[in-house]
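Overview (structure and organization)
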Amino acid sequence: MRFLPAIALASALVTSVVPAGAQSWGLLDRALADAVQTFAKAQGALGSSSMGVPTTAYGQALRQLRFVPSSGSGEVQVAFQAQGEGDKACTRFAAYVIPNPAADTITINLCPQFFASGTDALRQTTILHEMVHVVAGPGECMAMAYTAQLQFLATGAFQPVTNYWRQSGCGSSAYRLPG
């Protein structure tokens, strides 16, 4: 399978930071595998770029946990770090990225709810969404619309984001949800 190197790399990158136990490793690995599968199904309909997200770089980041940005400034690694209950950003998000275009590593910070039982669909959606931030920057509406588009192209449906879409003011943005 094409995503196994990314999963092995992800496991190596989160060894000491994911909440205790192999179960957490498995949750991240499954979310990455599900996200790669969704992207693979949608990729042919995306063109070279969609909604400002470069398809090749996004695919590299998702599959290999590294990519070459459009600036060509050198390879960027993707890492994961688990955050604790006290992380203020985790009160609103399952994960977050603090973009730093000059960095050679961009970290996806995983919040406790990412690892909550019964949230497989949230985990996959979160990985797809946060990879948009890794590759294309901080636009919330862009990340939500791109993620929904990937899921819609792959399955004919997408995870509902109506409340978050409205709270983020995306109705007046340049982005639209599929359907």
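Residues numbered from 1 in each chain as written. Predicted model: local features only at pLDDT ≥ 70, side-chain atom pairs only at ≥ 80, totals over all residues. Heavy atoms only, no water.

This brings us to the packing of helix 4 (residues 120-136) against helix 5 (residues 140-155). Between helix 4 and helix 5, the least distance of the axes is 9 Å, while the angle of their chain directions is 130 degrees. Considering their axes alone, helix 4 and helix 5 lie oblique with respect to each other. Here helix 4 and helix 5 pass one another in a crossing that is right-handed. Residues Gln 124, Thr 125, Leu 128, His 129, Val 132, His 133 and Ala 136 of helix 4 form the contact with helix 5, whose participating residues are Glu 140, Met 142, Ala 143, Met 144, Tyr 146, Thr 147, Leu 150 and Gln 151. When grouped by side-chain class, the residues that make up the contact of helix 4 with helix 5 number eight nonpolar, six polar and one charged. (Axes fitted to C-alpha atoms, helices over the stretch in contact; angles between N-to-C directions. Helix = DSSP H or I, 4+ residues; strand = E, 2+ residues; numbered from the N terminus. Parallel < 35°, antiparallel > 145°, perpendicular 65-115°, else oblique. Left-handed = near helix turned anticlockwise from the far one by under 90°. Contact = heavy atoms within 4.5 Å. Nonpolar A, V, L, I, M, F, W, Y, C, P; charged D, E, K, R; others polar.)

Counting all residues, the mean pLDDT for the protein is 87, and 87% of those residues have values of 70 or more. Within the protein, the element-level pLDDT minimum falls on helix 1 (residues 4-13), averaging 38, and the maximum on helix 5, averaging 98. Low pLDDT, under 50, characterises residues 1-20; the predicted model gives this stretch 40 contacts beyond four residues in sequence or across chains. (pLDDT = per-residue confidence, 0-100.)

All right, on to the state of the cysteines then. Using the criterion set out here, one finds two disulfides in the structure. Residue Cys 90 pairs covalently with Cys 111 via a disulfide, S to S 2.1 Å. Torsion about the S-S bond of the Cys 90 and Cys 111 cystine: about -75 degrees, corresponding to left-handed handedness. Of the two residues, Cys 90 sits in the loop between strand 4 (76-82) and strand 5 (95-97) while Cys 111 sits in the loop between strand 6 (105-110) and helix 4, which places them 21 residues apart along the sequence. Side by side, Cys 90 and Cys 111 carry an identical accessibility label, which is buried. In the protein, the bonded cysteines, taken in the order they occur along the sequence, pair up as 1-2, 3-4. (Disulfide = S-S within 2.5 Å. Buried < 20%, exposed > 50% of the residue type's maximum accessible area, 1.4 Å probe, protein only.)

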